[in-house]
Amino acid sequence: MPFLELGRDLFYDYTLRTVAMGSAVLGVVSGALGAYAVLRKQSLLGDAISHAALPGIALAFLLTQSKAPLVLVFGAAIAGWIGTLLVISIVNQTRIKEDTALGLVLSVFFGTGLVLLTFIQKMPTAKQSGLDTFLFGQAAALMEHDVITMVTLGGISLFVMQLFWKEFKLLCFDSNFGASLGFPMRILDVLLITLLVAAIVIGLQTVGVVLMSAMIVAPAAAARQWTDRLGAMVALSATFGAIAGVCGAVISSSMARMPTGPTIVLCISAIVVASITIAPNRGLVWNWIRNQRERRKLQIEVVLNNLYALASQHADLRHSHSIAALGTMSANRSNVRNSLKELSSRGWVERVSSDEWALTPEGIVQAQQIADRGR
Amino acid sequence: MANYPGSLAIEVEDLTVAYRDEPVLWDVDLNVPTGVLMAIVGPNGAGKTTLIKVILGLVGSAAGRVSIYGQSYAAQRRLVGYVPQRGSVDWDFPTNVLDVVMMGRYGALGWIRRPKSKERKLALEALEKVGMEAFASRQISQLSGGQQQRVFLARALIQDAQIYLMDEPFQGVDATTERAIVSLLQALRAAGKTLVVVHHDLQTVEDYFDWVTLLNVRRIASGPVNEVFNEKNLRLTYGGRVAFLNRNGNAHDETQTAIKRPNSEEPNRQVRG
């Protein structure tokens, strides 16, 4: 396989190479398609789909007695898809709201899945089915043919996403307008959800049904922090997913008893935390700096304004006043001193004696401008 | 594209729409002649938005028929442009102004084909018409309400339609934008287009529009503004709760109002505020 050749130099270890490859593929596909789920405010749908997939996996095994990845993934996809359509029809046909419908479908399907799993494990012919790895995922068990299945399914999903790029953008941004143009929005909706189902079942074996929704939501949430373009967001989300997948696989394989799925999720969580904190424009640090700058500017204006108000009581606008007098007009006295220093460095006020300050001619002009602005 | 003078742009017959057991529109008949600038007015919950959505095929009807120049909407959709309510979309969506405007060409482009330089050029021209050419690469979350509305108008303009359906284009825009939109609408009418506009401000109906439909689940009246926009019809539409101001901004009084109807049934009664 040529794509495995590519990794040969990078990863000496065959198992690690396979695991890292599989995790990267799952990160790319779930990251890219998760971006749409997040933008459509369907983040929780991923959780419902992945949990709903569990009975599908168990039933596929019971019916075929096969553990071939394609068979199990097919069962997972059918069950996940049915779960999603059930959520949609509950919302449409009853007065139950979407969050309740999601919770219902998620728990009922997951419960059924657990019952079936227990049943399978007690069967005499169970031959250690290992289906319970689907709960929390077990990347170490990934084989080359698993990865081939993942790449094929993921490749098709990404190709379809790319093919209907314009239509999906319309669906996410303004579905009614799209319908007025004649595009069948309901079919596009089902198609996009089907792609999301595919993205989720690809990752189930590695990350597990419980944590898979993190791989849908987290890369997209992180990517949104960094860009204002849909294309860039999808690409970045896929990249974050891949980085988390590879890092998680490498870390968990280098330490004993470290589960891959949770490690991958911890990696993507670190990326999310970093993005929410330091991303320009949307990040918390950025906001904090902007707020500080604004507050500083306001404080300076207030002190200048107060000095101007005091001076207005006198014939000479350059009459000086004490810090104490200014302090009574301000909530925080230490700010007054700092603000006066800043103002004097701009040449708007000057120190007359050790404790007395007065406006400069330039300061008077500035104070009048501020007063006019506030009017 | 040819205009269709003299024919009906939109014809709605016996239209009934219900949500669960509640009728939203009841047996509505509506004729929109070609080349009019029509306001649809009525109280909240009167079915104004629903009427527009039914015409566009976005909402199904329990009974009735809608035709655009004598044919179904599906057959004529290239002739119709749509401006949805500004609040119906997420303005934090990661895209820019030019991209949103180009969506107006998606219908003409058809499946899979992406917008190219031709669509780009058309979008920039449309932005120029609404005075937003400087904002082409602006992220849409940075727009004011009035700017968002202009972007939606540009997107409809680029559809190059004969009929425009607009849902509250004046909602939450400043006075400058409102004037700009009005002159744009009037320019479109002068170019032979037909415009149907959901409108909320009764005071400006006479200034902005030449036709009006008064709607409250049922169609109360529809026709030229100077014939049907009167106190009696407004009272029927708003159930007597209307505080109606005339052109001069005074409380409505039949003796001094510009809107007078010779056979008005209650000539001396003040409208309650």
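What counts, and at which threshold
- Residues numbered from 1 in each chain as written.
- Chains lettered and ligands numbered in written order.
- Predicted model: local features only at pLDDT ≥ 70, side-chain atom pairs only at ≥ 80, totals over all residues.
- Heavy atoms only, no water.
- Helix = DSSP H or I, 4+ residues; strand = E, 2+ residues; numbered from the N terminus.
- Polar contact = N/O pair within 3.5 Å; in protein donor to acceptor, adjacent residues only side chain to side chain.
- Contact = heavy atoms within 4.5 Å.
- Buried area = accessible area lost by both parts, 1.4 Å probe.
- 1 Å grid on protein atoms, 1.4 Å probe; cavity = no way out; pocket = protein on both sides within 12 Å on 5 of 7 lines; lining within 4 Å.
- Points joined across faces, edges and corners; volume = space filled by probe spheres on them.
- Nonpolar A, V, L, I, M, F, W, Y, C, P; charged D, E, K, R; others polar.
- Pairing = 2+ DSSP bridges.
- Axes fitted to C-alpha atoms, helices over the stretch in contact; angles between N-to-C directions.
- Domains from an automatic or database assignment.

**Student:** Whenever I open this one, the side chain of T260 of chain A confuses me. Can you help?
**Tutor:** Residues and elements named next belong to chain A. Looking at the secondary structure, you find T260 in helix α13 (residues 260–278). A distance of 3.5 Å separates polar atoms of two side chains, one belonging to T260 and the other to S252. Setting aside residues up to four positions removed in sequence, T260 forms contacts with A139, A140, G248, A249 and S252.

**Student:** Would you explain the interface of chain A and chain B in this entry?
**Tutor:** A common way to report how large an interface is uses the accessible area buried once the components associate. Every contact between the two is made by 30 residues of chain A and, on the other side, 34 residues of chain B. With both sides pooled, the region where chain A packs onto chain B buries about 2900 Å², and carbon together with sulfur makes up 59% of that total. Among the residues chain A hides against chain B, the three largest losses belong to K166, F173 and F177 of chain A. Together they make up 27% of the total. Taken together, chain A and chain B are joined by 14 residue pairs in polar contact (both at pLDDT 80 or more). Secondary-structure elements contributing two or more residues to the side of chain A that touches chain B are α7 (144–163), α8 (165–173), α9 (175–180) and α12 (230–254) of chain A. Counting residues per element, the side of chain A that touches chain B draws most heavily on α8 of chain A, which supplies seven residues.

**Student:** Where do I start with the layout of surface pockets in this structure?
**Tutor:** With a probe scaled to a water molecule rolled over the atoms, the places where space remains empty come into view. Empty space within the largest pocket amounts to approximately 1500 Å³. Where the lining of the largest pocket is concerned, the elements lending two or more residues are α4 (69–93), α8, α9 and α10 (185–207) of chain A together with β1 (8–19) of chain B. Broken down by element, the lining of the largest pocket gets its largest block of residues, six residues, from α4 of chain A. Residues of the lining of the largest pocket, tallied by class, amount to 22 nonpolar, seven polar and eight charged.

**Student:** Just to check I follow, could you spell out the sheet that holds strand β4 (residues 63–68) of chain B for this structure?
**Tutor:** The pairing of strands in a sheet happens through backbone hydrogen bonds and is either parallel or antiparallel. Residues and elements named next belong to chain B. Strands sit in the order β2-β1-β4 across an open sheet of three strands; the sheet is antiparallel. Bordering the open sheet on either side are β2 (22–33) and β4, each of which pairs with just one other strand. Strand-to-strand twist in this sheet, taken as the mean axis angle between neighbours without regard to direction, amounts to 15 degrees. Judged from the eight bridges that link them, β1 and β2 form a sheet pairing that is antiparallel. Considered in β2, the bridge of Y19 is made with E22. Contacts from helix α1 (residues 48–55) reach β1, β2 and β4 within the one sheet, and its direction differs from that of β1 by about 115 degrees.

**Student:** What exactly am I supposed to notice about the domain arrangement of chain A here?
**Tutor:** All names here are of chain A. Looking at the assigned domains, one finds that chain A contains domain 1 (2–282) and domain 2 (285–374). Using C-alpha coordinates to define each centre, domain 1 is positioned 58 Å away from domain 2. Facing the six residues of domain 1 at the interface are four residues of domain 2. When the two sides are added together, the surface that domain 1 and domain 2 hide from each other amounts to roughly 350 Å², 49% of it contributed by carbon and sulfur.

**Student:** Looking at this structure, I do not really get the side chain of S66 of chain A. What am I missing?
**Tutor:** Residue and element names in this part refer to chain A. Position of S66 among the secondary structure elements: in the loop between α3 (43–64) and α4. One polar contact links the side chain of S66 to the main-chain amide nitrogen of A68, over a distance of 3.0 Å. S66 has contacts with F61, V71 and L72, leaving out every residue within four places of it along the chain.

**Student:** What is the right way to read empty space enclosed by the protein from this model?
**Tutor:** Residue and element names in this part refer to chain A. Tallied over the full model, the rule gives three cavities of 30 Å³ or more. A volume near 90 Å³ is recorded for the largest cavity. Contributing to the lining of the largest cavity are P69, V73, F134, L142, D146, T149, M150, L153, V201, I202, L204 and Q205. Those elements that place two or more of their residues in the lining of the largest cavity are α4, α7 and α10.

**Student:** Even after reading the chapter, I still don't get the sheet that holds strand β7 (residues 194–198) of chain B, so can you show me in this structure?
**Tutor:** Residues and elements named next belong to chain B. Judged by pairing direction, the sheet is mixed, and its six strands sit side by side in the order β5-β6-β7-β3-β8-β9 without closing on themselves. With one partner strand each, in any of the chains shown, β5 (80–83) and β9 (218–224) form the two edges of the open sheet. Each strand of the sheet is rotated relative to its neighbour by a mean of 15 degrees, with strand direction disregarded. In this structure, strand β8 (residues 211–216) lies alongside β9, joined through six bridges in antiparallel fashion. Each bridged residue has a counterpart across the sheet, and for W211 the counterpart in β9 is P224. Across the sheet, helix α6 (residues 145–157) touches β5 and β6 (163–167), and the angle it forms with β5 is around 170 degrees.

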